[in-house]
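Chains, contacts and geometry: an overview
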Amino acid sequence: MTTTHPLPTAAGSGANASEAFRASAGRVGAAGTDTERVSLLVSSTLEAVHAVIREHEVTYPEFQAAKAWLMALGEGGEWPLFLDVFVEHEVEQVAEKAQRGTAGTIQGPYYLPDQVRLPAVATLPMRTDEKGDRLVFSGQVTDLDGAPLAGAEVDFWQADADGYYSGFAPHLPDGNLRGVITADDEGRFAITTILPAPYQIPTDGPTGAMIAAAGWHPWRPAHLHLMVRADGHRQITTQLYFSGGEWLESDVARATKDELVLSPEKRDDGTHRVAYDFVLEPA
Ligand code: MBD
Ligand code: FE
């Protein structure tokens with residue numbers, strides 16, 4: 001099959017993440033408006049900025065360049081992209097200290113709720129000519145004692161073999177490579193999908209411009225995104241990576257963890273297979 005659409009562009013991806021974030025506002029709960037806490041966090045943030053200016057003797061041209069860039073970041077709708085790549089990992093590591101069970105990691109900007117519901121053994125929605133090696137990802141969801149969590153949900157999303165996410169890159173059909181799998185009575189599931197490609201921060205937006213200006217690389221290693229939830233248990237949001245994958249040791253979003261790296265086995269039929277079990281703590 002041939003494709004007729006122009007070369008995919010990532011340009012819209014970062015901006016579209018603003019839309020998705022607005023639609024999700026409130027999903028993690030209110031931050032509170034305690035005056036003392038607001039004063040503490042805002043003044044500490046400003047002091048950290050002031051310290052950088054003093055330490056590095058920031059000049060007027062640099063200050064104005066930073067202002068122009070921050071304005072472009074907002075106008076380009078890339079605040080969610082920028083914050084999820086460069087800041088979310090620290091918030092996640094703070095949250096992690098109080099958590100047991102399977103390790104979480106950052107959610108990133110490309111989650112969409114309310115995707116197609118699928119049975120325990122299912123293939124993710126994909127194009128008939130979807131590129132990429134087939135991956136069968138299976139596992140079991142249990143509690144901390146190893147008891148199966150019947151009917152647990154695995155809310156799954158990933159990039160395609162070109163590194164693009166449906167709902168954010170306009171050339172992809174809605175819902176592509178997204179789905180909510182309901183595990184069986186033993187908490188088991190098996191999802192057929194494709195191996196995603198590494199993800200490149202859009203180079204044509206302000207976040208990409210900053211990365212290029214700083215001489216950094218814009219890559220995340222290939223990864224699968226999941227939320228795993230079951231009644232009475234704390235939902236986990238995590239990602240799974242692939243051993244030996246490019247950028248695994250230098251994720252621009254600093255969101256990799258050793259225990260989240262998969263080692264799929266390649267079968268004679270060309271499919272890659274791997275199992276990963278999830279452990280949820282009580283809510
Ligand atoms: C992604 O795909 C992602 O997972 C994160 C965390 C940030 C930007 C793009
Ligand atoms: Fe991602």
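Further up the page is the structure itself.
I will try to describe carefully the structure that is included in this document. (Residues numbered from 1 in each chain as written. Chains lettered and ligands numbered in written order. Predicted model: local features only at pLDDT ≥ 70, side-chain atom pairs only at ≥ 80, totals over all residues. Heavy atoms only, no water.)

**Considering the overall build of the protein**
Each helix and strand counted, the protein has six helices and 14 strands in total. Each principal axis of the C-alpha atoms in the protein carries an extent, and together these give about 60 × 50 × 35 Å. Expressed as a percentage of its 283 residues, the buried residues of the protein come to 42%. Sequence-distant contacts, at least 24 apart, represent 74% of the contacts inside the protein between residues at least 6 apart. Element-wise, carbon and sulfur atoms account for 55% of the exposed surface of the protein, whose accessible area totals about 15300 Å². Computed over 21 positive and 40 negative side-chain charges, the inter-centroid distance for the protein is 1 Å. (Helix = DSSP H or I, 4+ residues; strand = E, 2+ residues; numbered from the N terminus. Buried < 20%, exposed > 50% of the residue type's maximum accessible area, 1.4 Å probe, protein only. Contact = heavy atoms within 4.5 Å. Areas by Shrake-Rupley, 256 points an atom, 1.4 Å probe, with all protein chains shown as cover. Lys, Arg positive; Asp, Glu negative; His and termini not counted. Charge placed at Lys NZ, Arg CZ, Asp CG, Glu CD.)

**A word on the sheet that holds strand S1 (residues 117-118)**
A sheet is described by the order of its strands in space; here six strands give the open sequence S1-S5-S4-S9-S10-S11, paired in mixed fashion. A single partner strand is all that each edge strand has here, and the edge strands are S1 and strand S11 (261-262). (Pairing = 2+ DSSP bridges.)

**Overview of the coordination of the iron ion (ligand 2)**
All of the protein donors around the iron ion (ligand 2) are Tyr 165 (OH), His 223 (NE2) and His 225 (NE2); their distances to the metal are 1.9 to 2.1 Å. All donors of the iron ion (ligand 2) belong to a single chain; written as a sequence motif, their spacing is Y-x57-H-x1-H. A residue pair is termed long-range when its members are at least 10 positions apart, and Tyr 165 in the loop between strand S4 (153-158) and strand S5 (178-182) and His 225 in strand S9 (residues 223-229) qualify at 60 residues. For the pair Tyr 165 and His 225, one class covers both residues: buried. (Donors = N, O, S within 2.8 Å, 3.2 Å for Na, K, Ca; no water.)

**A closer look at the site of ligand 1**
In the region of ligand 1, the neighbouring residues are Leu 81, Val 85, Ile 106, Gly 108, Pro 109, Tyr 110, Tyr 165, Tyr 199, Arg 220, His 223 and His 225. Here Arg 220 contributes a side-chain N or O atom positioned 2.8 Å from an oxygen atom of ligand 1. Isolated, ligand 1 exposes 260 Å² of accessible area, and the fraction of that covered by the protein chains is 100%. Listed by contribution, the elements that provide at least two residues to the shell around ligand 1 are helix H4 (79-86) and S9. (Near = heavy atom within 4 Å. Polar contact = N/O pair within 3.5 Å; in protein donor to acceptor, adjacent residues only side chain to side chain.)

**Some details on the pattern of salt bridges**
Enumeration according to the criterion identifies 15 salt bridges in this entry. Taking the shortest distance from any N to any O, the salt bridge between Arg 100 and Glu 281 comes out at 3.6 Å. Placement of the pair is Arg 100 in the loop between helix H5 (88-96) and S1 and Glu 281 in the segment after strand S14 (278-280), with a sequence separation of 181 residues. One salt bridge connects Arg 127 with Glu 130, and the closest N-O pair in it is separated by 2.8 Å. The structure contains a network of salt bridges with shared partners spanning Arg 117, Glu 153, Asp 155 and Arg 229. (Salt bridge = Lys/Arg side-chain N within 4 Å of Asp/Glu carboxyl O.)

**Notes on the pairing of S9**
Of all seven residues that make up S9, six are buried, and the element is covered over most of its length. In this structure, S4 lies alongside S9, joined through six bridges in antiparallel fashion. Residue pairing for S9: Val 154 is matched across the bridge by Val 228. Two strands pair when backbone bridges link them, and S9 and strand S10 (residues 236-242) are joined in this way by six bridges, in the antiparallel orientation. The partner of His 223 across the bridge, within S10, is Tyr 241.

**Points about the side chain of His 272**
With respect to the secondary-structure elements, His 272 resides in strand S13 (residues 272-275). Filtering out sequence-adjacent residues up to four positions away, His 272 remains in contact with Asp 133, Arg 134, Leu 135, Val 136, Leu 195, Pro 264, Glu 265 and Lys 266.

**Some remarks on unusual backbone geometry**
For Glu 57, which is not glycine, the phi torsion reads 45° and is therefore positive. With respect to the helices, strands and loops of the structure, Glu 57 is situated in the loop between helix H2 (35-56) and helix H3 (60-75). Looking at Glu 57, the relative accessible area reads 65%, which means it is exposed.

**Quick look at a nonpolar patch on the surface**
On the surface, Val 49, Val 52, Ile 53, Val 58, Tyr 60 and Phe 63 cluster together into a nonpolar patch covering about 550 Å² of accessible area. Going through the elements one at a time, H2 and H3 are the ones with two or more residues in the nonpolar patch. Tallying contributions element by element places H2 first for the nonpolar patch, with three residues. You can see Val 49 is positioned in helix H2. (Patch = residues over 30% accessible without salt bridge, like charges linked within 9 Å, V, L, I, M, F, W, Y side chains within 5 Å.)

**Examining the pairing of S5**
Most of S5 sits inside the fold, with four of its five residues counted as buried. The pairing of S1 with S5 spans two bridges and is classified as parallel. Across the sheet, Arg 117 pairs through a bridge with Val 180, a residue of S5. Of the pairings in the sheet, the one linking S4 to S5 comprises five bridges and is antiparallel in character. Residue pairing in the sheet places Trp 157 in a bridge with Arg 178 of S5.

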